[in-house]
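This is what each chain is made of:
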Amino acid sequence: MSEEELMFTMEEVGSAQRDRPQRTITFGDTNASDDEDEDFYMCSITDDLNSPTREVCEYLKSRVHNKQLSNSLPKNAFAHRTKWKRAIEKARSMPDPWAEFHLEEVQKEPCIRYRYNAITSEWAQDTVYIKMSGQPFGRGAMRECYRTKKLSNFSHSNNWKSASNYVAKRYMEPVDRDVYFEDVRLQMEAKLWGEEYNRHRPPKQVDIMQMCAIEMIQRPGKPLFHLEHYIEGKYIKYNSNSGFVRDDNIRLTPQAFSHFSFERSAHQLIVVDIQGVGDIYTDPQIHTSLGTDFGDGNLGVRGMALFFHSHLCNSICKSMGLSAFDLAPQEKSQLDCTNKLLQSAQTVLRGYEEICGSPRVRTSSFNRAPLLLSRLSETSSADDNMSDAESTPYSPDGIGSMDTRSPLGWSISNESNDADHQDSENGGDSGYPSEKRSDGDPADHAERLTDEKWSFYHSSRSHIHRPSCVAVEVDRLNSLVQERKIGKSILGKVHLAMVRYHEAGRFCEKDQPWDEHSAIYHLERAAMCEELEAIVALGQCYLQLPHHILPEIELEDSEENRKKGFSYLLQAAEAGDRPSMILVARALDNGLNLPPSRKQDWKEAIHWYDCALNMTDYDEGGEFDGMQNEPRYLLLAREAEMYQEGGFGLDADPQRAGDLFTEAADAAMEAMKGRLANQYYMKAEEAWALVEE
């Protein structure tokens, strides 16, 4: 397509927007055949001039300038323009779905709008005017929704009939005000992960709705609401934050996006609770490895376990190089029905999806491809992301020169940019610099600003591809030669969470026995990932010792299992687990629980007793040494007896035995064991008597 044809298309788009009410509509079939061009299977038109239609035109125009048109674009201009015209005609013909409610007759209210820039972690605030219905039109589990109209800050008319349609949401039960701002931050962070997913060229792109918080300053108590564009279409919940996956009319993209976020964030988080219209999502949830951010819905590694227990990798996962999460055979058989449903999904791979973490994936806004919703996904604003005389949003590069404090204590940029205001007066409310700028080529300037933002974004977040399979994780941990491996794997913690869910009966029907074999399977995977708790539990389980994880499970008492059990306990002892040190020392001391390949070795037993003694007194959680399961005086006394007797590779040393008995007596006195202390003092005298002889 030539530049002249593109400009003609842009004029048609602008005409269509002037002739229709300003609101968000969706056109194009989100389930359309995948042989259609990716830039046209779905699109949204929002209010003002900041619409994806204009943004796509700007993008294509820049690609013409740079001779970088994607090979995926139609080869003939006729097919290209036909799709544009079809979209424009639909935009013109669609009526306002809320016209019958006459929101223009509602009293206008001023409110303070708070928007979050996830790239720079800054908040911006300005004043906007809305008209909100008095009664909710829908309710969810926690929030209720109100029809709302909002005029753009750049609108020169007061025609509320053509104002944009929004949905205002509030919690039905009282919550802390910070919850509203945390929800906005969550959704804007998730939006960036949608951007990252789109840069890997999936068959269908995703976008997460722009959301902000508004404070009704004229109402009693100044209540807060969430505000986001109203999207027409069928609202579907594809997965939840607790493992639910929609199994009728199953979709591939939502599940692949969640899986992608887990691997691309190096297991630091996963975006779930995917719901919305087509692939425009809203109200997601993020589970993080620590489980401390993003409200009560953040289930941490437990939430990650719930997702992967119900996730079966689909064709998009495989085409993007995502690895399958390790599941037990019994768990895989339970997903057979899901596998059959996946065959009915309509999404077809295009063959040019980028592998997750591919070095070919660019961060430049104009060079990352495909780019359909990326400008809509700019985190600055949804509809008017430039400053005006009455607003105080962040500057185009996301960095302001003056800071105030947000309600949550985060930085709020308070700078008003005169050049951006000039752009708005020239009709350039698209997020791009105006072509009337005098500081060089406008496309280059826009790319420079955007590249700065994405460079900041990538330098401040963990974008490291880390597969979901244990085999690769083991190789990674083995490469940490001089670093501590224990507890360094989030994947191991996810597998351990799977164990706990199995034990609690989360994955079985009511009154049905839980899957012990799958629980052991995940416990072993957690141990392979250097999760200390799993290593200790397996060692105790294989050696028929009491264990707090899966205490009801008893494994066969065999030579092979004893060998495994001792190996696990030795691994835990080397990792610094005091009870395991003592168990290994006692096994080498008395020969019990030793595998056939090992023999009693008092010299090595002394080594592990010393390691346990050198641990701090508070490692076991007891206030005094005597409160520990294996108090110091008992271990010191046993070492003294071994030195006094000698054998199994240890030379007798009465002097050392007497010294250890004395230490044991002192430790017993501190633990209020006076009678036992007197016995140790007497044994010390006996040992020293042997030295004199």
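Numbering of residues begins from 1 in every chain and follows the order in which that chain's sequence is written. For a predicted model such as this one, the threshold for reporting local features is a pLDDT of at least 70, and the threshold for listing and counting side-chain atom pairs is 80 or more; totals across whole chains, interfaces and linings nevertheless cover every residue. Side-chain measures were taken over the full set of non-hydrogen atoms in the model, leaving aside hydrogen atoms and water.

Bringing the nonpolar core into the picture now. Judged by nonpolar contacts, the single largest core of 40 residues is most densely connected at F566, V584, L588, W608, M642 and Y680. Every residue in contact with Y680, bar those within four places of it in the chain, is listed here: Y633, L634, A637, F661, A664, A665 and A668. Nine residue types can take part in a nonpolar core, namely buried Ala, Val, Leu, Ile, Met, Phe, Trp, Tyr and Cys, and a core is a set of them joined through side-chain atoms within 4.5 Å. We call a residue buried when its accessible area falls under 20% of the maximum for its residue type, exposed when it is over 50%, and partly exposed in between, using a 1.4 Å probe and counting protein chains only. With 27 residues, the next largest nonpolar core counts Y197, V271, Y281 and M320 among its residues. When checking whether two residues touch, look at their non-hydrogen atoms; a contact exists if any pair is within 4.5 Å.

Take the layout of surface pockets next. Site definitions follow a grid-based scheme: protein atoms alone, a 1 Å grid, a 1.4 Å probe that fits but cannot get out for cavities, and for pockets an open set with protein on both sides within 12 Å along at least five of seven lines, plus lining residues having an atom within 4 Å of a point. Grid points are joined across faces, edges and corners, and a volume is the space filled by probe spheres set on the points. For the largest pocket, the calculated volume is near 1,100 Å³. Lining the largest pocket are 42 residues; nearest its centre among them are R143, K169, Y235, Q275 and D283. Secondary structure follows DSSP: runs of H or I at least 4 residues long count as helices, runs of E at least 2 residues long count as strands, and numbering of each begins at the N terminus. Within the residue set of the lining of the largest pocket, elements represented by two or more residues are β5 (138-139), β6 (143-150), β7 (164-171), α4 (177-198), β10 (224-229), β11 (235-237), β13 (275-277) and β14 (280-281). Looking at the lining of the largest pocket element by element, the count peaks at five residues for α4. Polarity classes work like this: nonpolar for Ala, Val, Leu, Ile, Met, Phe, Trp, Tyr, Cys and Pro, charged for Asp, Glu, Lys and Arg, and polar for all others, with Gly in that last group. The residue inventory of the lining of the largest pocket, partitioned by class, reads 19 nonpolar, 12 polar and 11 charged.

With that settled, the discussion passes to the pairing of strand β15 (residues 285-288). Walk down a regular strand and you will see the side chains alternate between the two sheet faces. Both faces of β15 are covered, namely the face carrying Q285 and H287 and the face carrying I286 and T288. Being paired, for any two strands, means DSSP has found at least two bridges between them. With four bridges joining them, strand β12 (residues 269-272) and β15 adopt antiparallel strand pairing. Among the inter-strand pairings, V272 is bridged to a residue of β15, identified as Q285.

Moving on: the confidence of the model for the protein chain. Per-residue confidence from the predictor is given as pLDDT, running between 0 and 100. Overall, the predicted model of the protein chain reaches an average pLDDT of 76, with 71% of residues at or above 70. Predicted confidence is poor over residues 618-627, with pLDDT under 50, and the contacts of this stretch with residues over four places away or in other chains come to 13 contacts.

Here is the rule: rings of Phe, Tyr and Trp (six-membered ring for Trp) pair when centre to centre is within 6.5 Å. Planes less than 30 degrees apart are stacked, more than 60 are edge-to-face, and the remainder are tilted. One pass over the structure, following the stated rule, counts 18 aromatic pairs. Joined through ring pairs, the aromatic side chains of Y197, Y238, F257, F260 and Y281 make up one cluster. Stacked on the ring of Y171, the Lys or Arg R143 has its end atom at 5.9 Å from the ring centre. For a Lys NZ or an Arg CZ to count as sitting over a ring, it must be within 6 Å of the ring centre and within 35 degrees of the ring normal. Positioned above the aromatic ring of F101 is the side chain of R147, whose terminal nitrogen or guanidinium carbon lies 3.7 Å from the ring centre.

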